[in-house]
Amino acid sequence: MKTLASTTLRAITAGLALAATAALAQTPPPPGASPRIDAIRKAGVLRVGVVNNPPWLSQNTTGSGDPWSGPSWTLGKEFAKLLNVKIEPVVVSHETKVPSLVANQMDIMIGPLNETAERAKIIDFVTFSNTGVCMFGRANNPKFTGAKSLEDFNKADMTLAYFSGAGEEPLMKQTFGKATLRGVTNSGSVAPIEEVLAGRSDAAPLNRMLWPNISRKVKGLAVFPSENDCQDSKIFQLDTGMGVAKDQKVYLDWLRAVAQRMQPTLSQEEREATKNLK
């Protein structure tokens, strides 16, 4: 009986501890603990930086429903709900999302952002996903189709495009120092597809999760690595999530605790969003 009683007591204790952890994750820090949270409460809004970046964050242009969707938006709304404030999107570009965050034009960049060593010097991260990239090019371009390794793209006769300000930019510069690199402005596309199709570039990086739908939608493209339709790619594998300005430990710890609790929901929504990528 003592064994049964002890086992039951341990189970109850563990359950209470789990419940307490969940409650703690949902309860924002009290007034005075975080200047950022105090300011958010006073303003009545949580300013969230947004940029179209599916499957994590997609803009809704139908005119009905929420203006944004995806796991980043779901988590952002959860933050606002727990703080009892409204969520206020702040539209930025890939080039301006980090500078705008550092300049206090938002409370959090829900973006999302890839966590790079360069960015980690100036902002902190709340990560809930990860990604790698594919290299894509025209299927009738022998320079692209002849590439058998990543190093084959790092040649003087290769021209590679990327979006300026995107997480891939420093990695492109580090990895392909011998190639000709073209940093282009994002006009709303998920990758520099027009650069490749127009023949201005031989290849460009693309989020691996986007490739299956892009390959069906845009004919005449090929991908590297081609195995499993590039879904096992480890090229530029990075943690992905949200960003906040440095030196806000209480705020950051609370955001991370909420994200950890929401992780199963966010992962499921990401899987569903990936199926519907266009």
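Residues numbered from 1 in each chain as written. Predicted model: local features only at pLDDT ≥ 70, side-chain atom pairs only at ≥ 80, totals over all residues. Heavy atoms only, no water.

Visitor: Please explain helix α3 (residues 71-83) as it appears in this structure.
Guide: Within an α-helix, residues lying three or four positions from one another point in the same direction, as the helix has 3.6 residues per turn. Along its 13 residues, α3 runs 18 Å from first to last C-alpha, staying within 8% of the 18 Å computed at 1.5 Å per residue. For α3, the tally of buried residues reaches 10 of 13 residues, placing the bulk of the element in the interior. Among all positions in α3, only Pro-71, Ser-72, Trp-73, Leu-75, Gly-76, Glu-78, Phe-79, Ala-80, Leu-82 and Leu-83 are buried. The first or second residue beyond α3 is Asn-84, which carries a positive phi of 60 degrees. (Helix = DSSP H or I, 4+ residues; strand = E, 2+ residues; numbered from the N terminus. Expected span 1.5 Å × (residues − 1). Buried < 20%, exposed > 50% of the residue type's maximum accessible area, 1.4 Å probe, protein only.)

Visitor: Honestly, the packing of α3 against helix α10 (residues 249-275) in this entry has me stumped. Any pointers?
Guide: The relative placement of two packed helices comes down to the angle between their axes together with the axis-to-axis distance. Orientation of α3 relative to α10, taken along the N-to-C sense of each, is 140 degrees, at an axis distance of 9 Å. Relative to α10, the element α3 is oriented oblique. As α3 runs across α10, the sense of the crossing is right-handed. Of the residues in α10, those in contact with Pro-71, Thr-74, Leu-75, Glu-78, Phe-79, Leu-82 and Leu-83 of α3 are Trp-254, Leu-255, Val-258, Ala-259, Arg-261, Met-262, Leu-266, Glu-269 and Glu-270. Residues of the contact of α3 with α10, tallied by class, amount to 11 nonpolar, one polar and four charged. (Axes fitted to C-alpha atoms, helices over the stretch in contact; angles between N-to-C directions. Parallel < 35°, antiparallel > 145°, perpendicular 65-115°, else oblique. Left-handed = near helix turned anticlockwise from the far one by under 90°. Contact = heavy atoms within 4.5 Å. Nonpolar A, V, L, I, M, F, W, Y, C, P; charged D, E, K, R; others polar.)

Visitor: Where do I start with the nonpolar core in this structure?
Guide: Across soluble globular proteins, nonpolar side chains have a tendency to be buried as a group. If you look at the biggest cluster of nonpolar residues, it comprises 30 residues, and the most contacted ones within it are Leu-46, Leu-75, Phe-79 and Ile-108. Where this core is concerned, the elements lending two or more residues are α2 (35-43), β1 (45-50), α3, β5 (108-114), β6 (123-131), β12 (238-245) and α10. If one sorts the elements of this core by residue count, α10 sits on top with eight residues. With residues near it in sequence (within four places) discarded, Phe-79 still touches Leu-46, Ile-108, Met-242, Trp-254, Leu-255 and Val-258. Core analysis: the second largest hydrophobic core is formed by 18 residues, Phe-153, Tyr-162, Leu-171 and Phe-224 among them. (Core = buried A, V, L, I, M, F, W, Y, C linked by side-chain atoms within 4.5 Å.)

Visitor: Please explain the pattern of salt bridges as it appears in this structure.
Guide: Opposite charge on two side chains permits them to pair, given that their charged atoms come into close proximity. Counted according to the given criterion, the structure contains 12 salt bridges. Asp-253 is paired through a salt bridge with Lys-249; the nearest N and O atoms lie 2.6 Å apart. With Asp-253 and Lys-249 both in helix α10 and four residues apart, the pair spans about one turn of that helix. On the basis of relative accessible area, Asp-253 is assigned to the partly exposed category, the value being 33%. Since its relative accessible area comes to 61%, Lys-249 is described here as exposed. Within this structure, Arg-36, Arg-47 and Asp-107 form a network of salt bridges that share partners. (Salt bridge = Lys/Arg side-chain N within 4 Å of Asp/Glu carboxyl O.)

Visitor: Help me understand the environment of Ser-201, please; the structure alone is not making it clear to me.
Guide: In this fold, Ser-201 is placed in the loop between α8 (193-197) and β10 (204-207). Since its relative accessible area comes to 1%, Ser-201 is described here as buried. If we skip the residues at most four places from it in the chain, Ser-201 touches Arg-138, Thr-159, Leu-160, Ala-161, Arg-182, Glu-195 and Val-196.

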